[in-house]
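# A look at the structure
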Amino acid sequence: MNIKPPPTNPKSGTATASAAQSTTFTQDIWEDIAAASGFPQPQRVVQPTQQAQPPYGSWFDEALAEISSEAGAVVSRVFVQRGELTLFTTVERLIELMQVLRDDAFLRFEVCCSVCGVHYPKQHGSELHVSYELLSITRNRRLRVEVAVPQDAPQVPSVSAIYPMANFHERETYDMFGVLFNDHPGLTRILLPDDWIGHPLRKDYPLGGVPIQFDGATVAPPDQRGSRRVIETSFNTAVSNGFTGHDSKPAAPSEPASKSAFSAGIADTSGFSVSSGFPINSDDQHDDESTIELDLQTLFAAVTEPESQQYLVAGGDWHQVVSEQRSRNDELVVVNMGPVHPATHGLLRLVLELDGENVRSLRPVIGYLHSGIEKTFEYRSWEQGSVLATRAQYVAGIFNEAAYSLAVDKLLGITADIPERANVLRVMMMEVNRIASHLLALGSSGLEIGAASIMEVCLRERERCLEFMEAVSGLRMNNAYIRVGGVAIDLPVDGLDRLRELTKQLRRNLPEIAGFTLDNLIFKQRTQEVAYLDLTGCMALGVSGPTLRSTSYPWDLRKTQPYCGYESFEFGVCTADTADAYGRWAIRLSEMDESVRILQQCVARLEETRGEQYSIDYPEVGAFSQLAVGADGQGQSSDQVRKLWSSMETMIHHFKRATSGFQVPAGQVYQAIEAPGGELGCYVVSDGGARPYRVHLRDPGFNHVQALPIMTEGGMLSDIMMALSSLDPVMGGVDR
């Protein structure tokens, strides 16, 4: 395949862009990349999205009035679409808006869930958009903040001093889109090698066909690579006055004195004090204004001085880290832990500085399983998206399918029209997958501390779950079962009997795992008061799921922001008050019991809805979910074939439908669900066509890996693996 380079400006060598401002939301970018990708794309012009006008409804009007009273005209535009509020602001006012949203007593958006980029090449002067998804746990509300910058000067202030979790997310946005976040504590690539050329999620970057050199390509030394110089802002003092002065602050359990010894831990519950794992020399001062005024070429060509050297994503600075340790002539030892697979839930590398067996610093290095799934989304139909989503997380792929499908349902406006049986089948498969995921997390955790018997029992029960999922969907993993509008296929003839047997076996056998561990003295010594992270730390770093609930805070999206009819099921939210690895273990055991309880309710509901639709009765969406297998078990049924060949019009419609897919109205949504590891978010942008314009998966493990330094620094080397396994990151989802 011959790959043509994207259009460039002969003078600058960069992608062409006009400096003129334009508010037109035109996204007709396909003609620029059709030749480069080798994949034919439709050419169209999308109508501008209309700015919303007051009154906006819901709580939106009160929130905007509060923002206006606190910060004046900090919001430049307001969009209300699909029940979601989007606030546009300028680069100059972004930090002010974020500060108000977090600290105002009425607003209280304590958590920044996701930061991602979108490239609109036809929006001249504002081609690169950065989108921030904020969550108020206190008010149970969400909103989106969006800022746009030109692609020839993509500079945005970092919000990591306000929301520490944005550290990794901003690095990913820089890596994939080239957005430069001023004042970021360590703006280097995170998923791609340090010497990678270009930013893959820009629209002018081809899907494939780009030759990669692996045979001794010349690589510049680390201090001469493209990592831009940044203003050092120590993460230990990144946030001051967080969550202070408000009576509505979520109640956090008190921190035992024995746990406050972690050198990188939370200083107190009145504010954030977080270690990033990026040791930056704070003595090296830079002028804020001069750095902001640097042009793009200067930023990329900047040579990082030794005293302000940033850690690089692929460890290209390894020799410098080691040489610095030698020059200090102290007792610290620099150690590589990984990248290995069996004991790290995927390919993860940890760069450690050890003082004996005490962990002085820990730096997680990710990206070894990066597969470009978010890029591939843009070249496949909306239906094919389920197949990609499930492969982004190989342990709990059903949840990725669900988040993606629910987001597209919302864009189509069909959420309320999903048949009841389809929702019950979605819940059934998610809960079976939740049990399977927890079993693998518990089993691998047991194996990491030498308890092979726990792994054997967990794998035995997980096999029952996978066999059931295979019987329903046809595949043990990568199921692609949950689809837009419903599910791919109904239960098999013996499906209910299989489900009854599964719940019976799980109800009888799962208590065996608790018997091995919860009262075992050795197990308690290895997990209690290990990997401590309190409520303030969880909110600062966007940590969710069992880790958040181990701080005694009962936040579960199935209850607080229900979807798929979860509000009609009876189950409990499992919490603990230990905020350590032991509490997270106990929570997962209890959650499996609650999942079995939900599955027993699914049995009754599936009996009641037997024969009803399992996909929405909407021709463009549900046509291919109605296919039936022939009587001999081979191919389509004779009724399907007869219907297909009934007329030329039917054949043409079938062919067009299969090759082009269905179109989704233009817009953007963020759908969050409660995955086994925590909040799994799917941000989807549509330009009105038959393929996604942008899909971003917010995997909970991506946030959780970022929390490893604060959970382990100051602790023992032997506690690192328990800290990691208690977070349950799956590196396929982390890297995507």
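Everything that follows concerns the structure shown earlier in this document.
All of the points below concern the structure found in this document. (Residues numbered from 1 in each chain as written. Predicted model: local features only at pLDDT ≥ 70, side-chain atom pairs only at ≥ 80, totals over all residues. Heavy atoms only, no water.)

### Here's the deal with the nonpolar core
Membership of the largest hydrophobic core comes to 173 residues, with the highest contact counts inside it found for Met 98, Leu 101, Tyr 132, Leu 134 and Met 428. It is helix H11 (residues 420-448) that contributes the most residues to this core, twelve residues altogether. Apart from the residues lying within four places of it in its own chain, the contact partners of Met 428 are Phe 468, Val 472, Leu 491, Leu 499, Leu 599, Cys 602 and Leu 606. (Core = buried A, V, L, I, M, F, W, Y, C linked by side-chain atoms within 4.5 Å. Buried < 20%, exposed > 50% of the residue type's maximum accessible area, 1.4 Å probe, protein only. Helix = DSSP H or I, 4+ residues; strand = E, 2+ residues; numbered from the N terminus. Contact = heavy atoms within 4.5 Å.)

### What about the side chain of Gln 505?
Take Gln 505: it is sitting in helix H13 (residues 495-509). In this structure the side chain of Gln 505 is engaged in a polar contact, spanning 2.8 Å, whose partner is the side chain of Glu 501. Those residues within four positions of Gln 505 in sequence are excluded, and the remaining contacts are Glu 461 and Arg 464. (Polar contact = N/O pair within 3.5 Å; in protein donor to acceptor, adjacent residues only side chain to side chain.)

### Some thoughts on empty space enclosed by the protein
In this approach the atoms are scanned with a rolling probe the size of a water molecule, which exposes any empty space left behind. Scanning the entire structure with this criterion turns up seven cavities of 30 Å³ or more. Lining the largest cavity are 17 residues, with Gln 393, Ala 675, Gly 677, Asp 699 and Pro 700 sitting closest to its centre. Class assignment for the residues of the lining of the largest cavity results in nine nonpolar, six polar and two charged. A volume near 80 Å³ is recorded for the second largest cavity. Lining the second largest cavity are 13 residues; nearest its centre among them are Val 111, Leu 135, Ile 137, Val 543 and Ser 544. Mapped onto the lining of the second largest cavity, the elements with two or more residues apiece are strand S3 (111-119) and helix H16 (535-540). In terms of residue class, the lining of the second largest cavity is built from nine nonpolar, two polar and two charged. (1 Å grid on protein atoms, 1.4 Å probe; cavity = no way out; pocket = protein on both sides within 12 Å on 5 of 7 lines; lining within 4 Å. Points joined across faces, edges and corners; volume = space filled by probe spheres on them. Nonpolar A, V, L, I, M, F, W, Y, C, P; charged D, E, K, R; others polar.)

### So, the sheet that holds strand S14 (residues 678-686)
In space, the three strands of this open sheet follow the order S13-S14-S15, with antiparallel pairing throughout. Strands with a single pairing partner mark the edges of an open sheet, and in this sheet they are strand S13 (667-675) and strand S15 (694-698). If you compare each strand with its neighbour and ignore which way they point, the axes differ by 10 degrees on average. Where S13 meets S14, nine bridges bridge the pair, whose relative direction is antiparallel. Looking at the pairing, Ile 673 lines up with Leu 680 of S14. This element, helix H10 (residues 397-412), spans S13, S14 and S15 of the sheet and lies at about 145 degrees to S13. (Pairing = 2+ DSSP bridges. Axes fitted to C-alpha atoms, helices over the stretch in contact; angles between N-to-C directions.)

### Observations regarding the pairing of S15
Of all five residues in S15, five are buried, a share of seventy percent or more. Going residue by residue along S15, you find Arg 694, His 696 and Arg 698 tucked away on one face and Val 695 and Leu 697 tucked away on the opposite face as well. The pairing of S14 with S15 spans five bridges and is classified as antiparallel. Across the sheet, Val 685 pairs through a bridge with Arg 694, a residue of S15.

### Details of helix H25 (residues 720-727)
Extensive coverage of H25 is indicated by the burial of eight of its eight residues. When H25 is considered as a whole, its buried residues turn out to be Ile 720, Met 721, Met 722, Ala 723, Leu 724, Ser 725, Ser 726 and Leu 727. Taken from the residues just after H25, Asp 728 is the one with a positive phi, measuring 55 degrees.

### A few points about the pattern of salt bridges
Here the idea is simple: oppositely charged side chains can pair when their charged atoms come close. A complete count under the given rule lists 30 salt bridges for this structure. With a closest N to O distance of 2.4 Å, Arg 736 and Glu 172 form a salt bridge. Of this pair, Arg 736 sits in the segment after helix H26 (731-735) while Glu 172 is found in helix H4 (residues 166-177), placing the two residues 564 residues apart along the sequence. Each member of the pair, Arg 736 together with Glu 172, is buried. The partner of Glu 374 in a salt bridge is Arg 694, with the nearest N and O atoms 3.0 Å apart. Pair noted here: Glu 374 is in helix H8 (residues 373-377) and Arg 694 is in strand S15, with a separation of 320 residues, a long-range link. On the basis of relative accessibility, which here comes to 4%, the residue Glu 374 falls in the buried class. One network of salt bridges, with partners in common, ties together Glu 431, Arg 434, Arg 549, Asp 556, Arg 558, Glu 591 and Glu 674. (Salt bridge = Lys/Arg side-chain N within 4 Å of Asp/Glu carboxyl O.)

### Some points on the sheet that holds strand S2 (residues 84-89)
Spatial ordering of the open sheet is given by S1-S2-S5-S4-S3, a layout of five strands whose pairing is mixed. Each edge of the open sheet carries a strand with a single partner, namely strand S1 (77-81) and S3. Averaged over all pairs of adjacent strands, the angle between strand axes in this sheet comes to 20 degrees, irrespective of strand direction. Both S2 and strand S5 (residues 141-149) contribute to a ladder of four bridges, which runs parallel. Residue pairing for S5: Thr 86 is matched across the bridge by Arg 144. Lying on the sheet, helix H3 (residues 94-103) is in contact with S2, strand S4 (128-136) and S5; it crosses S5 at an angle near 175 degrees.

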